[in-house]
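Listed below, chain by chain, are the residues.
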Amino acid sequence: MFDVIFLQFLNGLDKGAAYALIALGLTLVFGTLGVVNFAHGALFMLGAFCAVAMRMLLTLETVTLDPEKLSPWGTPLEVREPLMQAWLGDFGAVLVNYSVPVSLLLTIPIMLLVGIALERGIIKHFYKRPHAEQILVTFGLAIVAQEVIKSIFGPNPLPQPMPVELRGAADIGAWLGMQANVITYPLWRLIYFLFSAILIGGVFAFLQFTTFGMVVRAGMADRETVGLLGINIDRRFTIMFGLAAVVAGMAGVMYTPILPPNYHMGMDFLVLSFVVVVVGGMGSLPGAVAAGFLLGILQSFASMNEIKAIIPGIDQIIIYLVAVLILLVRPRGLMGRRGVMEA
Amino acid sequence: MAQPNIVLHVADVHKRFGGLHALADIDLQVEEGTTHAIIGPNGAGKSTLLNVIIGKLAPTSGQVVFDGAVLTGRKPYQINQLGIARVFQTPEIFGDLSVLHNVMIPALAKRDGAFRLNMLKNLNAETTIRDEALHMLEDVGMSGHVDMLASSLSRGDKRRMELAMCLIQHPRLLLLDEPTAGMSRHDTNTTIELLQKIKQRGMTKVIIEHDMHVVFSLADKISVLAQGRIIADGSPDDVRGNPAVQEAYLGGTH
Amino acid sequence: MSTFMSRNDLLLLIGFTIAVLTMPLWLAPFGAGYPDLLNRFAIFAIFAIGFNILFGLTGYLSFGHAAFFGVGSYAAVWSFKLLSMDALPALLFAVVISALFALLIGFLSLRRSGIYFSILTLAFAQMSYNLAYSVLTPITNGETGLQLTLRDPRVLDNALFEAGPGLPSPTLLGMPLQGFEAFYFCAALLIVAFFLAQRISGSPFGMMLKGIKSNQTRMHYTGFNTRPYTLAAFVISGMYAGLAGGMLAIVDPLVGAERMQWTASGEVVLMTILGGAGTLLGPVIGAWLIKYFENIFSAINDVILARFWSFLPDGVSDAMVQITSKFVGDGWFLTLGLVFVLIVIFLPGGVMEGVRRIADQFRPSRRSGRPANQARPHPRPAE
């Protein structure tokens, strides 16, 4: 029995990690800029497509027709030569194999730029406007982003292979001294969880231990006072928006081997992430992370057949159900401050 | 005067925020038909007291009784329906609506109660309410602004309109939170005149004010609040000569 | 001044009625004068009018109204299957059941306001959608969608008439509802829906809703219990959505759960904002514009584009075809998203505000002391 529960717990971790990362960025943006960003899921999706684009670049091939050899149909055989291997030899092959983590290098600058451009270009004009209008404009941006991606990459999911070496499963049970092959967990999901943990830790450390982070935290608590100190808080907040975009993008990149990216994945995750933010408590960073994992794990348990037999369909609605209950019973969420966004 | 009728009784009210004792042992009795001013230096707890009376804050202990009904624990709309109206420090008005509609809404609240699904009647058919509102606007000297958007009014006019919104309900008790704060001298004087005019109608008022000129022109009775306690209570002349009050004012503010 | 309706309201209603009834004529030159599209115009206009009663008047932004639309559709089809092919009982069921559903969801969601309200409605709608796809398959027929079959009992019809061969189609008191008959039925409902919205908006109740949007705190201190007001608005707008859903089931009796998805909820938000939230005509115009351009843009393909750009030199025209093709056909949503973003940024009052600004240009003398009836709807930010 313990192993079943433990396995479900593990299964919830990777999804929970994705929720936590998106919710973290949402909360960061909300806490600093006071903006309800419905386009945040789109940033996650854009990150995922950075991985797709990177892989496309890495697997470019030259196609030549070889008149000497004929295909079974009698036409000249096409000879495909992967460019990367041609230029870089074995290193090229390694790059292709590790295209997903490698694309993080491309993702970080791109997402930073996208984030900053978005904030400077549009979001900035909405600080003083009602939340309803913030929701509407970012909702519109999310539609634009997903439609652009759709017109470039097409409507179908594009599976991204994980590196060959990481395709197996980790026998966590055996590691913990239990029977072998009872609790196994796909290696990549484990990596995703560790990656998220490091990223989350990094964001918290950044906010906790750097001067920049200190100012931002002070600004989150009381924007006006910090402004009075003569600190240019707006520029820092712009960078925070970029940072939130980078976090969302990196989360998206690493998630591609688990879920083949499609253009509407951003919205799918956004809806859930908002629920996560609300459950965690609007404006609370630890709350967002805790609620992300909590809901991921709950969802995993709800999809057990034993549970579904008792409450049919619970796996489909568990997250929303929890959100509704939390909102009605404890409107501030798990760790939220009072009075945030209630009017 | 025989037995004065106590309309509002704040009985043994304490209010703590964490470690801060914002209100301590407040006992206040407001007689019917009088204007009762609450004064005190900044941070003395004046606004907290008003918020306790109006039901926005729950007292830590003690209770507020209005005309035999315990206010503590009631919702703001229920307290209003008992006959208490409030003017805020920063005017709370319907900025998106016309001045006329701003004043018609409270009149409808008085007539129809807290909720009525009055859906198929047209607003234009509410001629009685409309005339009442127009009359009230004339009373406060705002006849010229009837069709203007409330948010486009000057600060002083917003305050006057808010007063009209309260007066049209003919409340038994009117609470005024610094009704002249941030007003020019001229606007302050018009507001005092206006308040003196309604004083003659015998409405009970509790007024919180900073401006001593306003207080001494209006109040029948003054309570002085300092550090969450009432340190003096009495007629304007009593209070003026009270050494504790002078101490609180001179020692408590900069 | 009449106590029933002001002169302006009456003129607006008459003008609206004429415009709706003559739609087949004046829309024909635009290639939109055929019943299938006109029906959708009427249906989505009703949906948006109803949504506006909640969002436009009270300022509560619901992201879950498609749930009521979907429930209305399912209820109507079940009425076709179990009772009769007549449209009236189907619409009655659609409205009543969606009202009950809205009462439940509204009662819970309205305990919170602001973004929390939006998230609650979204969560309820997503639950409904997910359940419709999974556990509720016996009621919704899951992915296939709920449709009419030959084996349906249709108790009333079978008791009254001889069953004809093949699948029956919806009727109105025995008259078949197809082609322009269906349109005039939808048009009549649209006019009634508009009239009712006009009445609500102009009533004391409507003014209370506007008061809630403008300053809920003041409403409380003025003696109003605002929750029943918002709940009433929520249920009314849910009934409108249910009616629209039921009508769509009449013209297209294959109902899938995607009608309840959050994208469908988003669409009605777009319509209302695009036209102008808080105004009477705005939501109607928004619905028409979106449905019209959806229809036109979706149908444009590369051949049409090539012909359109053919006046340019070859290379340039090819490039233009390439670029513009991203915005039409399947790319229609991209155009919609862009237009929407631009509207929210530059014209938050939607088309109606644009019209007013242009009108203001022509009578500059009347601009001093901005009259209240030209107020731009502007919900207060959080306290």
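Keep in mind it's a predicted model, so treat the numbers as computed, not measured.

A. Structural view of the overall build of chain B. The number of helices and strands found in chain B is nine helices and ten strands. Against the compact-globule benchmark of 18 Å for 254 residues, chain B has a radius of gyration of 19 Å, which places it among compact chains. Its C-alpha atoms give chain B principal-axis dimensions of roughly 60 × 40 × 40 Å. Counting every position in chain B, which comprises 254 residues, the buried fraction comes to 45%. Contacts spanning at least 24 positions in sequence make up 67% of the contacts within chain B whose residues lie at least 6 apart.

B. Expanded view of the overall build of chain C. Counting secondary structure elements, chain C contains 18 helices and two strands. The dimensions of chain C, computed from C-alpha atoms along their principal axes, are 70 × 70 × 45 Å. Long-range contacts, defined here as pairs at least 24 residues apart, represent 77% of the contacts in chain C between residues at least 6 apart.

C. Structural context of the sheet that holds strand β1 (residues 6-17) of chain B. Residue and element names in this part refer to chain B. As summarised here, the arrangement of the four strands in space is β2-β1-β4-β5, forming an open sheet in which the pairing is antiparallel. This sheet does not close on itself; its edge strands, each paired only once, are β2 (20-31) and β5 (69-70). Inspection of the sheet shows strand β4 (residues 61-66) paired to β5 by two bridges, in the antiparallel sense. Bridging from a neighbouring strand, V65 pairs with V70 of β5. Those strands touched by helix α1 (residues 46-54) are β1, β2 and β4, and its axis lies near 65° from that of β2.

D. Looking closely at the interface of chain A and chain C. Each side of the interface is counted separately: chain A has 36 residues, and chain C has 41 residues. Counting residues per element, the ones that place at least two in the side of chain A that touches chain C are α6 (131-153), α12 (265-280) and α15 (314-329) of chain A. With 14 residues, the top contributor of residues to the side of chain A that touches chain C is α6(A).

E. Molecular detail of the nonpolar core. Counting residues in each nonpolar core, the largest one holds 302 residues, and the members touching the most others are V275(A), A323(A), V103(B), I46(C) and F47(C). It is helix α12 (residues 226-251) of chain C that contributes the most residues to this core, 16 residues altogether. Residue contributions to this core reach at least three from each of two domains, namely domain 1 (1-83 + 171-254) and domain 2 (95-169) of chain B. The residues touching A323(A), leaving out its near neighbours within four places in the chain, are V275(A), V278(A), V279(A), I119(C) and A123(C).

F. Structural context of the UniProt feature "transmembrane region" (unreviewed entry) in chain C. Under the UniProt annotation, the feature "transmembrane region" (unreviewed entry) is placed at residues 37-55, 87-108, 115-136, 182-209, 229-250, 270-289, 296-312 and 332-351 of chain C. Across residues 296-312 of chain C, helical content stands at 65% and strand content at 0%; the span's end C-alpha atoms are separated by 23 Å.

G. Region of interest: the packing of helix α5 (residues 87-109) of chain C against helix α6 (residues 114-133) of chain C. Residues and elements named next belong to chain C. Where α5 meets α6, the closest approach of the two axes is 9 Å, and the angle between their N-to-C directions is 145°. The hand of the α5/α6 crossing is right-handed. In this structure, α5 uses I105, L108 and S109 to contact α6, whose residues at the interface are F117, L120, T121 and F124.

H. A look at helix α5 (residues 99-121) of chain A. Residues and elements named next belong to chain A. For α5, with 23 residues, the first-to-last C-alpha span of 32 Å sits near the 33 Å given by 1.5 Å per residue. Where α5 bends most, at L106, the angle is about 35°, and the proline P109 comes one to four residues later. Among the structural elements, α2 (40-58), α4 (90-97) and α11 (233-255) are those in contact with the buried residues of α5.

I. Structural view of the interface of chain B and chain C. Every contact between the two is made by 33 residues of chain B and, on the other side, 35 residues of chain C. Secondary structure elements with two or more residues in the side of chain B that touches chain C: α2 (76-81) and α3 (99-112) of chain B. The biggest single contributor to the side of chain B that touches chain C is α3(B), with five residues. Taken together, the residues of the side of chain B that touches chain C sort by class into 18 nonpolar, nine polar and six charged.

J. Broad picture of the environment of G59(C). With respect to the helices and strands, G59(C) occurs in the loop between α3 (35-58) and α4 (66-82). Distance from G59(C) to A277(C), taken between C-alpha atoms, is 9.2 Å for residues 218 residues apart in sequence.

K. Focus on the pairing of β4(B). All names here are of chain B. With five bridges joining them, β1 and β4 adopt antiparallel strand pairing. What sits directly across from V10, in β4, is V64. Hairpin geometry of β4 and β5 is characterised by an intervening segment of two residues between the two adjacent antiparallel strands and by a positive phi of about 50° at D67.

L. Broad picture of the packing of α3(C) against helix α9 (residues 179-201) of chain C. Residue and element names in this part refer to chain C. Relative to each other, α3 and α9 sit at 15°, their axes nearing to 8 Å. Taken together, the axis directions place α3 and α9 in an arrangement best described as roughly parallel. Relative to α9, α3 is oriented so that their crossing is left-handed. Tallied by class, residues from the contact of α3 with α9 come to 20 nonpolar, three polar and no charged.

M. Examining unusual backbone geometry more closely. Not every positive phi belongs to a glycine, and D67(B) is a case in point at roughly 50°. Locating D67(B) in the fold gives a position in the loop between β4 and β5. We classify D67(B) as partly exposed; it has 17 C-beta atoms within 10 Å. The backbone of R154(C) sits at a positive phi, close to 45°, despite the residue not being glycine. One can find R154(C) in the loop between α7 (137-140) and α8 (155-160). Of the residues examined, R154(C) has 20 C-beta atoms within 10 Å and is grouped as buried.

N. Seen up close, the environment of A133(B). Residue and element names in this part refer to chain B. Tracing the chain through its elements places A133 in helix α4 (residues 127-139). In the structure, A133 is positioned 59 residues away from I192 in sequence and 21 Å away in space, judged by C-alpha atoms. In this view, A133 contacts L100, V103, M104, A107 and I168; residues no more than four positions away in its chain are not counted.

O. Representation of the environment of N232(A). Within the fold, N232(A) resides in the loop between α10 (223-228) and α11. For the pair N232(A) and V215(A), spaced 17 residues apart in sequence, the C-alpha separation works out to 9.7 Å.

P. Examining the confidence of the model for chain C more closely. Residues and elements named next belong to chain C. The pLDDT averaged across chain C works out to 86; a share of 93% of its residues lies at or above 70. When the elements of chain C are averaged for pLDDT, α8 gives the smallest value, 79, and α12 the largest, 96. Per-residue pLDDT stays below 50 along residues 366-383; that stretch engages in 35 contacts with residues further than four places along the chain or on separate chains. Per the prediction output, this complex has pTM 0.87; the corresponding ipTM is 0.89.

Q. Up close: the domain arrangement of chain B. Residue and element names in this part refer to chain B. Examined at the domain level, chain B breaks down into domain 1 (1-83 + 171-254) and domain 2 (95-169). The centre of domain 1, based on its C-alpha atoms, is set 26 Å off from the matching centre of domain 2. Each side of the interface is counted separately: domain 1 has eleven residues, and domain 2 has eleven residues. Listing elements by their share of the side of domain 1 that touches domain 2, those giving two or more residues are α2 and α6 (185-199). Element by element, the count of residues in the side of domain 1 that touches domain 2 is highest for α6, at four residues. Residue composition of the side of domain 1 that touches domain 2, grouped by class: seven nonpolar, three polar and one charged.

R. Spatial organisation of helix α18 (residues 350-362) of chain C. Residues and elements named next belong to chain C. Taking 1.5 Å per residue, 13 residues should reach 18 Å; α18 reaches 19 Å between its end C-alpha atoms and fits that length. Here α18 has its buried residues at G350, M352 and E353. The buried side chains of α18 occupy one side of the element, clustering within an arc of 115° when seen end-on. Exposed side chains of α18 directed beyond 90 degrees from the buried face belong to I358, A359, Q361 and F362. Buried residues belonging to α18 abut α13 (262-275), α14 (282-299) and α17 (332-346).

S. Region of the structure containing the sheet that holds strand β8 (residues 204-208) of chain B. Residue and element names in this part refer to chain B. The strand order across the open sheet formed by six strands is β6-β7-β8-β3-β9-β10, and the pairing between neighbours is mixed. The two strands at the open ends of the sheet, each matched to only one other strand, are β6 (84-87) and β10 (229-234). Averaged over all pairs of adjacent strands, the angle between their axes in this sheet comes to 15°, without regard to strand direction. The sheet contact formed by strand β3 (residues 35-39) and strand β9 (residues 221-226) spans four bridges and is parallel. When the sheet's bridge partners are listed, I38 is paired in β9 with S223. Across the sheet, helix α5 (residues 155-167) lies against β6 and β7 (173-177), angled at about 180° from β6, the strand it touches most.

Quick notes on the rules
Residues numbered from 1 in each chain as written. Chains lettered and ligands numbered in written order. Predicted model: local features only at pLDDT ≥ 70, side-chain atom pairs only at ≥ 80, totals over all residues. Helix = DSSP H or I, 4+ residues; strand = E, 2+ residues; numbered from the N terminus. Rg over C-alpha atoms; globule rule 2.2 N^0.38 Å. Buried ≥ 20, exposed ≤ 12 C-beta atoms within 10 Å, placed from the backbone. Contact = placed C-beta atoms within 7 Å. Pairing = 2+ DSSP bridges. Axes fitted to C-alpha atoms, helices over the stretch in contact; angles between N-to-C directions. Core = buried A, V, L, I, M, F, W, Y, C linked by C-beta atoms within 7 Å. Domains from an automatic or database assignment. UniProt positions renumbered as here; feature names shortened; annotations may be inferred. Left-handed = near helix turned anticlockwise from the far one by under 90°. Expected span 1.5 Å × (residues − 1). Bend = angle between axes of the 7 residues up to and from the residue. Nonpolar A, V, L, I, M, F, W, Y, C, P; charged D, E, K, R; others polar. Parallel < 35°, antiparallel > 145°, perpendicular 65-115°, else oblique. pLDDT = per-residue confidence, 0-100. Arc of directions from axis to C-beta.

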